[in-house]
Amino acid sequence: DYRRADIDTMGNPLALCCICLPCAWVTIPKCCLAFEMVQTDDSTDGTSWKRNNSRCGSDFEFYYDLKEVYTPEGKVGKYHDEFKAVPQQVMATY
């Protein structure tokens, strides 16, 4: 129903060893790190999501909100006014 999505994390295990050899990237097992995004209950159009994280097989915990500030066409999105009101101490990107 497109209300949630799993986010796979990939890594290059040889990057930690500082070896300059090309290596295939591998997907980190979900029992180690798992990420998901779930559409909020009040959103039916994909404009508001909750990002959740899980480490070492623990339950998912809320991490941050994803909200539409601009539409794919570059027009002002549903949460544009909320974005303008964010304090400078909060990291907000678009």
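Residues numbered from 1 in each chain as written. Predicted model: local features only at pLDDT ≥ 70, side-chain atom pairs only at ≥ 80, totals over all residues. Heavy atoms only, no water.

Here we look at the packing of aromatic side chains
No. 1: Under the defined criterion, the tally for this structure stands at one aromatic pair.
No. 2: With a centroid separation of 5.2 Å and an interplanar angle of 55°, the aromatic rings of Tyr63 and Tyr64 are classed as tilted.
No. 3: What makes Tyr64 partly exposed here is its relative accessible area of 32%. (Phe/Tyr/Trp six-rings, centres within 6.5 Å; stacked < 30°, edge-to-face > 60°. Buried < 20%, exposed > 50% of the residue type's maximum accessible area, 1.4 Å probe, protein only.)

Points about a nonpolar patch on the surface
No. 1: Among the surface-exposed residues, Phe62, Tyr63 and Tyr64 lie close enough to one another that they form a single nonpolar patch of about 330 Å² accessible area.
No. 2: Among the secondary structure elements, Tyr63 is positioned in strand S6 (residues 61-67). (Patch = residues over 30% accessible without salt bridge, like charges linked within 9 Å, V, L, I, M, F, W, Y side chains within 5 Å. Areas by Shrake-Rupley, 256 points an atom, 1.4 Å probe, with all protein chains shown as cover. Salt bridge = Lys/Arg side-chain N within 4 Å of Asp/Glu carboxyl O. Helix = DSSP H or I, 4+ residues; strand = E, 2+ residues; numbered from the N terminus.)

Digging into the pairing of S6
Every regular strand shows the same layout, with side chains that alternate between the two sheet faces.
No. 1: Two strands pair when backbone bridges link them, and strand S5 (residues 48-55) and S6 are joined in this way by six bridges, in the antiparallel orientation. By the bridge assignment, Ser48 is partnered in S6 with Lys67.
No. 2: Taking the residues that link successive antiparallel strands as the turn, the S5-S6 hairpin has five residues, and the phi of Cys56 there is positive, at about 55°. (Pairing = 2+ DSSP bridges.)

So, the pattern of salt bridges
No. 1: All told, the structure shown has six salt bridges when counted by the stated rule.
No. 2: We note a salt bridge from Asp6 to Lys30, for which the minimum N-O separation is 3.8 Å. Residue Asp6 is located in strand S1 (residues 4-7), and its partner Lys30 is located in the loop between strand S3 (26-27) and strand S4 (33-39); the two are separated by 24 residues in the primary sequence.
No. 3: Residue classification places Asp6 among the partly exposed positions, given a relative accessible area of 44%.
No. 4: For Lys30, a relative accessible area of 44% puts it in the partly exposed group.
No. 5: A single network of salt bridges, built from pairs that share partners, joins Arg4, Asp6, Asp8, Lys30 and Glu36.

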